[in-house]
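A structural walkthrough
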Amino acid sequence: MSVGHWTLIDLPSMIFRNARLVFPDGIREGVEVDVREGKIAEIRDQSDRRENEVVDVAGNYLAPGFIDLHVHGARGRDTMEGSAEGFRAICIYHASGGSTSLLLTTATAPLGVIVDVIGAVRQSRVAIKQIAGVHIEGPFISVAKRGAQREEFIQAPDSEAVEQLLQHANTIKRITIAPELPRALEAIKKFYARGISVSGGHSNAWDEEARAGFAAGMRSVTHTFNCMSSARKRGPYRVAGLLEYAMGEEGIACELIADGHHVSATLMRLLYRAKGRDGICLVTDAIAGAGLPDGAHFSLYGRDCVVTAGVGLQADQLALAGSVSRMIDLVRTMVETVHVPLHEAISMATLTPARVIGLETKGRLQVGADADLVVLSPELQVLETFVAGESIFADTKSGGFNRRSSVLFGPRESVAP
């Protein structure tokens with residue numbers, strides 16, 4: 001029997017034991033996870049069963065694998081290359097940060113180039129199981145809030161462009177749109193109707209324009225606080241922008257780049273107070289500089305950038321270009337700097353993003369879910385990452401998890417943070 005291209009007999013069966021299981025509402029001990037054929041088959045009180053391989057988690061945390069809705073690249077490679085080799089390098093690096101599902105994210109570019117990248121991602125998804133789809137970030141954005149995106153390729157979402165993208169609705173999981181643009185509301189309705197998550201971002205919208213976007217189907221915002229409008233005066237009156245609308249609207253989920261550079265601790269605490277555990281999606285917005293040393297130069301679709309003090313900057317070092325972080329780095333920041341409980345920070349990296357893009361079998365420890373798992377040390381270092389029960393990364397320096405090689409993915413990768 002087969003599921004997709006996987007033959008079930010080839011999928012792993014194992015029991016994860018002696019773990020501290022991380023659920024959205026807390027952490028439990030004394031239970032074990034039985035994985036069969038790549039799925040979570042049972043979560044039960046710890047037992048002495050040994051019918052499958054036993055993985056002794058040795059008192060470390062066992063959490064759902066992280067889901068990154070917004071990642072451009074790593075280790076000098078960028079989604080816009082449109083190559084399976086580049087996609088694999090990106091996924092391998094982010095596996096070291098616990099990411100088991102990610103959306104390869106495009107940059108603002110000619111629409112034909114973006115469509116070619118989508119096609120390359122679609123062809124690579126069978127072989128690279130971390131790829132959950134594509135996030136289109138631009139070209140339907142505001143020139144005034146473009147950030148590091150290239151102005152010459154920005155355009156309004158006219159019907160022809162929208163229809164061209166909708167031909168790839170099976171691969172596009174998420175799209176960022178500035179809701180104030182001409183014809184944006186019609187575009188949002190069309191994407192929403194096809195099951196594509198629409199996020200407001202790179203936007204200079206007024207309160208009523210953001211509200212209209214929500215009415216049309218916009219259910220999240222992109223990298224909250226960054227490249228978005230906030231309260232300002234219109235005539236004698238002060239009016240909210242996209243930021244305040246998103247923080248005040250219960251139905252909006254907010255991306256947060258919690259790398260300690262894009263958003264200050266005070267602003268992160270403010271967002272947490274406003275949105276809580278279920279309203280925040282941690283995202284890396286990692287660019288090709290992720291995994292490169294300080295001083296390394298890289299390209300963001302033709303724009304020269306440099307890694308400086310743990311963040312990606314444009315080459316003139318006057319503006320941010322993206323993060324160089326992994327998901328575990330964001331979780332750690334939320335726990336250590338924002339003082340969010342660990343189980344809530346992990347929920348922001350798992351269950352909430354899964355809900356935003358409709359991944360019903362990922363981001364949760366429950367029977368029937370995919371066995372996408374991450375083992376974390378008490379210091380919140382990733383010790384091992386699993387997709388469908390297969391190990392895709394192991395920290396061999398930890399000494400705690402020296403396990404077999406992967407059948408579905410080839411030999412596990414050991415990636416230095």
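Our structure's up above, just so we're on the same page.
A few points on the structure. Just so it is clear, the structure is predicted and the values come from calculations on it, not from any experiment. (Residues numbered from 1 in each chain as written. Predicted model: local features only at pLDDT ≥ 70, side-chain atom pairs only at ≥ 80, totals over all residues. Heavy atoms only, no water.)

Remarks on unusual backbone geometry
As a reminder of what qualifies: Labels follow the DSSP assignment, with helices taken as runs of H or I lasting at least four residues and strands as runs of E lasting at least two, numbered in each case from the N terminus. We call a residue buried when its accessible area falls under 20% of the maximum for its residue type, exposed when it is over 50%, and partly exposed in between, using a 1.4 Å probe and counting protein chains only.
In the segment running from G138 into P139, the intervening peptide bond is cis, with an omega of 20°. One can find P139 in the loop between strand 14 (131–137) and helix 3 (159–166). A positive phi angle, close to 50°, is found at R75, a residue other than glycine. Taking relative accessible area as the criterion, R75 reaches 39% and is therefore assigned partly exposed. In this model, H339 sits at a positive phi of 65°, which is unusual for a non-glycine residue. Relative to the elements of secondary structure, H339 occurs in the loop between helix 8 (327–336) and helix 9 (342–348).

Section: the pattern of salt bridges
Under the convention used in this document: When a carboxyl oxygen of Asp or Glu lies within 4 Å of a side-chain nitrogen of Lys or Arg, that pair is called a salt bridge.
All chains considered together, the criterion is met by 24 salt bridges. Here D34 makes a salt bridge to R44, at a shortest N to O gap of 2.9 Å. Of this pair, D34 sits in strand 6 (residues 31–36) while R44 sits in strand 7 (residues 39–45), placing them 10 residues apart in sequence. The burial state of D34 is the same as that of R44; both residues are buried. The closest approach of N and O atoms between E151 and R146, which form a salt bridge, is 3.6 Å. Under the relative-accessibility criterion, E151 is labelled partly exposed at 40%.

Points about the packing of helix 2 (residues 111–124) against helix 3
The description of two helices packed together rests on the angle between their axes and the distance between the axes. Put simply, the rule is: Between N-to-C directions, angles cover 0 to 180 degrees, with each direction set by a line fitted to C-alpha atoms, over the stretch in contact for helices. The scheme is simple: roughly parallel for angles under 35 degrees, roughly antiparallel for over 145, roughly perpendicular for 65 to 115, oblique for anything else. By definition, residues are in contact when any of their heavy atoms lie within 4.5 Å. For this classification, the nonpolar set comprises Ala, Val, Leu, Ile, Met, Phe, Trp, Tyr, Cys and Pro, the charged set comprises Asp, Glu, Lys and Arg, and every other residue, Gly included, is treated as polar.
Put simply, helix 2 and helix 3 touch, their axes get as near as 10 Å, and they point 10° apart. Taken together, the axes of helix 2 and helix 3 lie roughly parallel to each other. Taken together, the residues of helix 3 that come into contact with helix 2 (itself represented by L111, I114, V115 and I118) are A161, Q164 and L165. Across the contact of helix 2 with helix 3, the residue classes break down as 6 nonpolar, 1 polar and no charged.

What about helix 1 (residues 84–95)?
Spelled out, the test is: Helix span, expected: 1.5 Å multiplied by one less than the number of residues in the helix.
Between its first and last C-alpha, helix 1 extends 16 Å over 12 residues, near the 16 Å set by a 1.5 Å rise per residue. Those residues of helix 1 that sit buried are G86, F87, I90, C91, Y93, H94 and A95.

Examining the sheet that holds strand 25 (residues 320–322)
Within a beta sheet, neighbouring strands are joined by backbone hydrogen bonds and run either parallel or antiparallel to one another. What counts here: At least two DSSP bridges between two strands are needed for those strands to be called paired.
If you walk across this open sheet you meet the 4 strands as 22-23-24-25, and the pairing is antiparallel. On the outer flanks of this sheet lie strand 22 (297–300) and strand 25, each paired with one strand and no other. Ignoring which end each strand starts from, the neighbouring axes of this sheet average 45° apart. One ladder, built from 4 bridges, connects strand 22 with strand 23 (residues 303–308); its direction is antiparallel.

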